[in-house]
2 protein chains.
Amino acid sequence: MSDESVNLKTLSERLGLSQTTVSRALNGFPEVSEQTRRRVIEAADRFNYRPSSSASSLATGKARTVGHVVPLAEHHMINPHFADFIAGAGETYSTHGYDMLIRVVPRADEERVYRELATQKRVDGVVVHGPLGRDPRIPLLQSLQLPFVVHGRSDYADNEYSWLDVNNRSAFRRATEFLIDLGHERIALINGLETMNFAKRRRKGYEAGLTSRGIEPEQRYIFSQDMVEPYGYEVTCRLMESAAPPTAVLVSSILPAMGVVRALAERGIRPGTDVSIIAFDDCLSFLHASDSERPKDVPYFTAIRSSIRLAGRRAAQMLLQQIEQPGATRSELWEADLVIGQTTGPKSQAASQ
Amino acid sequence: MSDESVNLKTLSERLGLSQTTVSRALNGFPEVSEQTRRRVIEAADRFNYRPSSSASSLATGKARTVGHVVPLAEHHMINPHFADFIAGAGETYSTHGYDMLIRVVPRADEERVYRELATQKRVDGVVVHGPLGRDPRIPLLQSLQLPFVVHGRSDYADNEYSWLDVNNRSAFRRATEFLIDLGHERIALINGLETMNFAKRRRKGYEAGLTSRGIEPEQRYIFSQDMVEPYGYEVTCRLMESAAPPTAVLVSSILPAMGVVRALAERGIRPGTDVSIIAFDDCLSFLHASDSERPKDVPYFTAIRSSIRLAGRRAAQMLLQQIEQPGATRSELWEADLVIGQTTGPKSQAASQ
DNA sequence: TAAGGTATCCAAAGCGCTTTGGAAACAGAA
DNA sequence: TTCTGTTTCCAAAGCGCTTTGGATACCTTA
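Residues numbered from 1 in each chain as written. Chains lettered and ligands numbered in written order. Predicted model: local features only at pLDDT ≥ 70, side-chain atom pairs only at ≥ 80, totals over all residues. Heavy atoms only, no water.

Details of the overall build of chain A
Here is the rule: Secondary structure follows DSSP: runs of H or I at least 4 residues long count as helices, runs of E at least 2 residues long count as strands, and numbering of each begins at the N terminus. Restricting the calculation to C-alpha atoms gives the radius of gyration, and the globule rule supplies 2.2 Å times the number of residues raised to the power 0.38. Contacts between residues were defined by any pair of non-hydrogen atoms, one from each residue, lying within 4.5 Å. All accessibility values rest on the Shrake-Rupley procedure with a 1.4 Å probe; residue burial counts only the protein chains present in the view. Asp and Glu count as negative and Lys and Arg as positive, but His and the ends of the chain are not part of the count. Positions of charges follow a simple convention, taking NZ of Lys, CZ of Arg, CG of Asp or CD of Glu.
On a plain count of helices and strands, chain A comes out with 13 helices and 12 strands. Over its C-alpha atoms chain A spans a radius of gyration of 26 Å, topping by over 25% the 20 Å that the globule rule assigns to 353 residues. Across chain A, contacts joining residues at least 24 apart in sequence account for 70% of those joining residues at least 6 apart. Counting only carbon and sulfur atoms, one obtains 50% of the accessible surface of chain A, whose full area is about 15,300 Å². Of the side chains in chain A, 42 bear a positive and 43 a negative charge, and the two mean positions are spaced by 3 Å.

Here we look at the protein's contact with DNA strand C
Condition: The near set for a molecule or strand comprises every residue that places at least one heavy atom within 4 Å of it. Identification of polar contacts relies on pairs of N or O atoms within 3.5 Å, with a donor-acceptor requirement for protein atoms, meaning one able to donate a hydrogen and the other able to accept it, and with residues adjacent in sequence counted only if both atoms are side-chain atoms. Three classes are used, and their members are as follows: Ala, Val, Leu, Ile, Met, Phe, Trp, Tyr, Cys and Pro are nonpolar, Asp, Glu, Lys and Arg are charged, and the others, Gly among them, are polar.
Within the structure, DNA strand C sits among 27 residues, and A:Leu8, A:Ser23, A:Arg24, B:Ser18 and B:Thr20 are positioned closest to it. Between DNA strand C and the protein, one listed contact pairs a phosphate oxygen with a side-chain N or O atom of B:Thr21 at 2.8 Å. At a separation of 3.4 Å, a phosphate oxygen of DNA strand C approaches a polar backbone atom of B:Ser33. Listing elements by their share of the surface near DNA strand C, those giving two or more residues are helix 2 (19–26) and helix 4 (53–60) of chain A together with helix 2 (19–26) and helix 4 (53–60) of chain B. Among the residues making up the surface near DNA strand C, the classes are represented as 10 nonpolar, 14 polar and 3 charged.

Notes on the relation of the copies chain B and chain A
Applied cut-off: Here the copies are matched by least squares. The fit uses the C-alpha atoms of residues with pLDDT of at least 70 in both.
Overlay of chain B on chain A (RMSD 0.0 Å): rotation 180°, translation along the axis 0.0 Å. Given the turn and translation reported, the copies of this chain are related as if by a two-fold rotation axis. Mapped onto chain A, 100% of the interface residues of chain B again fall at the interface, so both copies present the same surface.

Describing the interface of chain B and chain A
The condition that has to hold: Buried area counts how much accessible surface, traced with a 1.4 Å probe, disappears from two parts once they are put together, with both parts' losses summed. Whenever Lys or Arg places a side-chain nitrogen within 4 Å of a carboxyl oxygen from Asp or Glu, that contact is recorded as a salt bridge. For two strands to be treated as a pair, DSSP must find at least two bridges joining them.
Contact residues are listed per partner, giving 58 residues for chain B and 59 residues for chain A. Both faces combined, the contact of chain B with chain A buries some 5,300 Å², and carbon together with sulfur accounts for 58% of it. Linking chain B with chain A are 4 salt bridges. Salt-bridge contacts for A:Arg122 lead to B:Asp99; the nearest nitrogen and oxygen are separated by 2.3 Å. For the interface between chain B and chain A, the tally reads 12 residue pairs in polar contact (both at pLDDT 80 or more). Elements that contribute at least two residues to the side of chain B that touches chain A include exactly helix 4, strand 1 (65–72), helix 5 (81–95), strand 2 (99–106), helix 6 (110–119), helix 10 (229–241) and helix 11 (254–266) of chain B. Taken together, the residues of the side of chain B that touches chain A break down into 25 nonpolar, 16 polar and 17 charged. The sheet contact formed by strand 2 (residues 99–106) of chain A and strand 2 of chain B spans 3 bridges and is antiparallel.

Digging into the pattern of salt bridges
Keep this limit in mind: The rule is simple: take the accessible area with a 1.4 Å probe, protein chains only, and divide by the maximum for that residue type; under 20% is buried, over 50% is exposed, in between is partly exposed.
For the structure shown, the criterion picks out 58 salt bridges over all chains. Between B:Arg309 and B:Asp84 there is a salt bridge, and its shortest N-O distance comes to 3.6 Å. One end of the pair, B:Arg309, is in helix 12 (residues 308–324); the other, B:Asp84, is in helix 5, with 225 residues separating them in the sequence. When sorted by exposure, B:Arg309 lands in the same class as B:Asp84, which is buried. For the salt bridge of B:Arg213 with B:Glu177, the shortest nitrogen-to-oxygen distance reads 3.8 Å. In this pair, B:Arg213 sits in the loop between helix 9 (197–212) and strand 7 (222–224) while B:Glu177 sits in helix 8 (residues 168–181), placing the two residues 36 residues apart along the sequence. Salt bridges here are not isolated pairs; linked through shared partners, they connect A:Asp99, B:Arg103, B:Asp109, B:Arg112, B:Glu116 and B:Arg122.

Quick notes on helix 7 (residues 137–144) of chain B
Residue and element names in this part refer to chain B. Our working definition: What the arc measures is the spread of directions leading from the helix axis to the C-beta atoms.
The set of residues buried in helix 7 consists of Arg-137, Ile-138, Leu-140, Leu-141 and Leu-144. Buried residues in helix 7, looked at end-on, bunch into an arc of 160°, giving them a common side. Its buried side turned inward, helix 7 meets helix 6, strand 3 (125–128) and strand 4 (148–151).

Focus on the domain arrangement of chain A
Residues and elements named next belong to chain A. Convention followed: Domain delimitation follows an automatic or database domain assignment.
The domains assigned to chain A are domain 1 (8–60), domain 2 (65–165 + 308–335) and domain 3 (168–306 + 338–352). Just the C-alpha atoms count here: the centres of domain 2 and domain 3 sit 29 Å apart. Listed as interface residues are 16 residues of domain 2 and, on the opposing side, 17 residues of domain 3. A buried area of about 1,400 Å², summed over both sides, lies between domain 2 and domain 3, and 46% of it is on carbon and sulfur atoms. Linking domain 2 with domain 3 are 2 salt bridges.

Some words on the nonpolar core
Definition in use: Residues grouped as a nonpolar core are buried Ala, Val, Leu, Ile, Met, Phe, Trp, Tyr and Cys residues, joined through side-chain atoms within 4.5 Å.
Counting 138 residues, the largest nonpolar core has A:Tyr93, A:Ile102, B:Tyr93, B:Ile102, B:Leu250 and B:Ile304 as its most contacted members. Other than its neighbours up to four places away in sequence, B:Ile304 contacts B:Ala171, B:Phe172, B:Ala175, B:Leu250, B:Ile278, B:Ala279, B:Phe280, B:Asp281, B:Ala336, B:Asp337 and B:Leu338.

Considerations on the sheet that holds strand 6 (residues 187–191) of chain B
All names here are of chain B. Our working definition: Helix axes use the C-alpha atoms of the stretch in contact, all axes being lines fitted to C-alpha atoms, and the angles between their N-to-C directions lie in the range 0 to 180 degrees.
Pairing is mixed in the open sheet, where 6 strands are placed in the order 7-6-8-9-10-12. At either margin of the open sheet sits one strand with a lone partner, and together these are strand 7 and strand 12 (337–339). The sheet shows a mean angle of 15° between the axes of neighbouring strands, taken without regard to direction. Two elements, strand 6 and strand 8 (residues 248–251), share 4 bridges in a ladder whose sense is parallel. Paired with Ala-188 across the bridge in strand 8 is Val-249. Contacts from helix 11 reach strand 6, strand 8 and strand 9 (276–281), with the element oriented near 160° to strand 9.

Regarding the side chain of A:Glu332
Residue and element names in this part refer to chain A. With respect to the helices and strands, the residue Glu-332 is situated in strand 11 (residues 331–334). Take Glu-332: its relative accessible area is 18%, and that puts it in the buried class. Leave out the neighbours within four places in its chain, and Glu-332 touches Trp-163, Leu-164, Asp-165, Arg-314 and Met-318.

Shown next, in the form of structure tokens:
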């Protein structure tokens, strides 16, 4: 079928054409007749020709690759939400002929890695994950002139950059008010680490919800940690042993929420009946039924929902757009949906005493 | 500090040396004096010089990149275990100066993508995820001469290739026998999709365990689906409503196992006391406490445990080794640990009637 | 002193592609 | 017929690196 390696040179020789013409025919330039173009394309896939990516990116200066630098947390936890975001972004890249480059590095090496990616021209742009309060990566990338999109936001009032975020504040405020309207007053917040910007905004929303209904936020109901299952479990155990256990909890992710459910189950406390739970649901694929065709019945968790996979898709689109026509920074703020499931209900009589 | 773009040419001009010498100094060749080498290295990082990756891979023919092709299932589920595997592999790549390239593509495009990666010389090797019974990717990659390591195994008796796998059969056999020795007889298997090779081996192990103790496997206790949380929930609901509900369940992943717990909790059935559960635990980071320093107390799930993150690390090492000295295929079969937690116990009297 | 080794360095030829600046061929217009 | 404009193609110069095949200087040794 095909020989060793067909490159532009051998292909053009076989066709009796110059490399220029073949290259132009394949890349859709107008200065080649339709007839030869067809001939070239036909030969190209008969000989299974694919341009060497390193050669073309050397020649063009474009890598047709975007980078994702994922910091390795101290305890080597990798954010579980990451997989779905990556899946979404990856779909977009694939359909646009881009590749995804991932570097897993310790926090301390991040800056070096971004510098490397930029000066090596390894990637045409990057997606920034998990922005901090005033994230140093943002000015860094700006100074490196590397296009980027932030998934989330950082607190730079004066600084224009592209981001895609969920309105965490309003989502948590609405959820809190929803619980209060059900009669709940002692509402716990099981939040993520507040070094993450989104966690801070979520607490703000929660507090705004409480104070809007005349309830004073209390420190003993607020928790902040890595969003893993055992965290939800342990916090709930402690809360339920405490003097005035909450009648509702607001949880920053489905993962700790499952821990909450487990802790309650051990104590015979029924979610939705005895204690209400609202979780932030990133629509992680492994927590949802895989046959998406089936008509949805009432979901288990009452949740504030926003698909992280769609976010990945959209963030990737925004980045590609920015790469292809530089300069235009654009941002999007998504509202999350409040979806009523089985884990919320009016404050129970038992708990109210 | 530094000008526009420093490349080999400008750097060597500033140093008053040839490109050859500078290149050799930086790449540790012996034919350059230690003195000039130091001078070159010092200048290189003063000017923030980094060789263009496309140029060097064009010149050397090596991409210093490994590929992971992740197939997009029909229902767009991305395997949750994937994130931790990738994290492990990514660490290894980073410390060895390799990059990780990920392509998320529909199943139907996989072959084309592998061909592309190989003929473009985009990557030096690939990791194959989730091998099927007789996975066509294996002969394909062999014919493409692209180094690869399979995470898992495929059923090619005659065919030598590198793989890294957990001994799923023995793990599930041991777990089954453990349950039988606790007095259980009606043991359900909540398995993954049997198109995946590992799921088949797990069922074999389960059946071997049963028959070794004189129990006939029964179809009604065996389930096979995508390993998501709702799957465990629904199957358990059905099982518990059935005429002869199992007194123990063996679950192929922690994710459906959480669904099992949820279904039991709803019915007031206590795991470990009324019904025993053993789950296969890939040590997913988001299900474990993030402070790994803390002395472990008894884990919640009794589990057959094997860290998928370590597997990722090891698979990456094996691949890099194979890339750097081609030809040597090597394989490893890991035994999983049976870790006793709180979800197993002797068959309860209530259930035995 | 000359011959032979060795330690340093360099010019130039690729790697496989894109793209600039024509050239050739052919058409229609003067 | 000659001139201008189009269409279609090409030769050659990069892109930034590695690497081959010397060259040059500096020591040894006979």
